[in-house]
Amino acid sequence: MDSAGRAAVIVNPTKFSDVGRVRRRVEEVCRRHGWEEPLWLETTAEDPGPGQTAQALEARVDVVCPLGGDGTVRAVGAALAGSGVPVGLLPGGTGNLLARNLELPVESLDRALTIALTGRTAPIDTCRLELLRPTTSQLEARLEDEEGQPSKSVDMDDAVDDRTSPDVREEHRFLVMAGLGFDAEVMAAAPEKLKDRVGWLAYLVTGLQHLKGPQFTVALRMPGSGQVRRRVRSVMVGNVGRLQGGMELLPDALADDGTMDAVLLSPEGVVGWVATVAQLATRRRIGHRRVEHFQSPEVRIVSDKPVELEIDGDTIGTVMAIRVQVDPGSLLVRLPGTAA
């Protein structure tokens, strides 16, 4: 009997205490569904997924399954975008945010892999991000302004003083969200050991320690609209909007609507954060303008000072500006349902 196909599994071995046991489980599920033994590829610190994805495409597999954290999913998904080969999302990290937003199982490897092998294929959007790095003087000015408590996440190596250098600009692709400010600081500061022990609650613990961090002023521009200037603590731009714990940060965001959503958060102090969280949880727009939502296929954001950036949970360092564009239907994913 001919096999139903072959999967590639791209695993981050640091996420598992017994990688061999996980591999045996994956091979068993593949056999159960009549698939060939999977192509098993492990990521490394030097290559967190793009190289392994290229190997999988070269092997002409039928589905590519990242098995790791959100960073592994992003690395694999970004490399698969536009390839016509679907991604099958397997739970292996702290967040599993894309899987949660697509209502895929995040507690069962067997169920998730079964969907990857036998589910229907559907297109979703991805987002292309271009960033602008700061200069040394801009980073030094920020540190001097932080009233004796400079941010521990600022890295002077992010500076690019030769503005004609190609290193001034970088391009990335993300699947879930990009964040400037508070959330990026939290991602950078959350200890790996704490994440391993308590999961996504580690971000909550770290976030409470960063509530009083520095605000910054952004100029936000979208096609067909005027410029918006706000003093904020955090800016999030997302393809999907659900966080861990069910919080809908971007309640109108859909993975396949050909647009992206942005939210500006402008709390002041702990009391302001309490009100901000209440507004997000209830979707009420009362009193102080702490939460503002925008929607567009493209957004440009310029900051008045260097600010931390994260994409899909990976910290990217400090930037002065970002431009984000949606790439509609560029990634195929396996979802629950009968394959065509």
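No experiment lies behind these values; they were computed from the predicted model shown. Starting afresh in each chain, residues are numbered from 1 along the sequence in its written order. The model is predicted, so local features are restricted to residues of pLDDT at least 70 and side-chain atom pairs to those at 80 or more, both for listing and for counting; the totals for chains, interfaces and linings are taken over all residues. Side-chain metrics rest on all non-hydrogen atoms present in the structure, leaving aside hydrogens and water.

A side-chain nitrogen of Lys or Arg and a carboxyl oxygen of Asp or Glu constitute a salt bridge if their distance falls within 4 Å. Counting across every chain of the model gives 15 salt bridges. Measuring nitrogen to oxygen at the nearest pair gives 4.0 Å for the salt bridge that ties Arg 32 to Asp 110. With Arg 32 in helix H1 (residues 19-32) and Asp 110 in helix H5 (residues 109-118), this residue pair connects regions lying 78 residues apart in the sequence. For every residue, the accessible area obtained with a 1.4 Å probe (protein chains only) is divided by the maximum for its type, and the residue is called buried under 20%, exposed over 50%, and partly exposed between those limits. Classification of Asp 110 as partly exposed rests on a relative accessible area of 26%. Here Arg 230 ties to Glu 292 by a salt bridge, and the two come within 2.6 Å at their closest N and O atoms. Of this pair, Arg 230 sits in strand S9 (residues 228-232) while Glu 292 sits in strand S12 (residues 291-296), and the two are 62 residues apart along the sequence. A residue is classified by how much of its surface remains accessible, and Arg 230, at 21% relative accessible area, is partly exposed. Helix and strand definitions here come from DSSP, where helices need a minimum of 4 consecutive H or I residues and strands a minimum of 2 consecutive E residues; each element is numbered from the N-terminal end.

When you line up the elements, Cys 30 lands in helix H1. The class of Cys 30 is buried, set by a relative accessible area of 1%. For the pair Cys 30 and Leu 113, spaced 83 residues apart in the sequence, the C-alpha separation amounts to 8.2 Å. Contacts are residue-level and defined by heavy atoms, with any inter-residue pair within 4.5 Å sufficient. Not counting the four nearest positions on each side in its chain, Cys 30 is found in contact with Trp 35, Glu 36, Pro 38, Leu 113 and Leu 117.

Worth remembering: the numbers are spatial, not functional.
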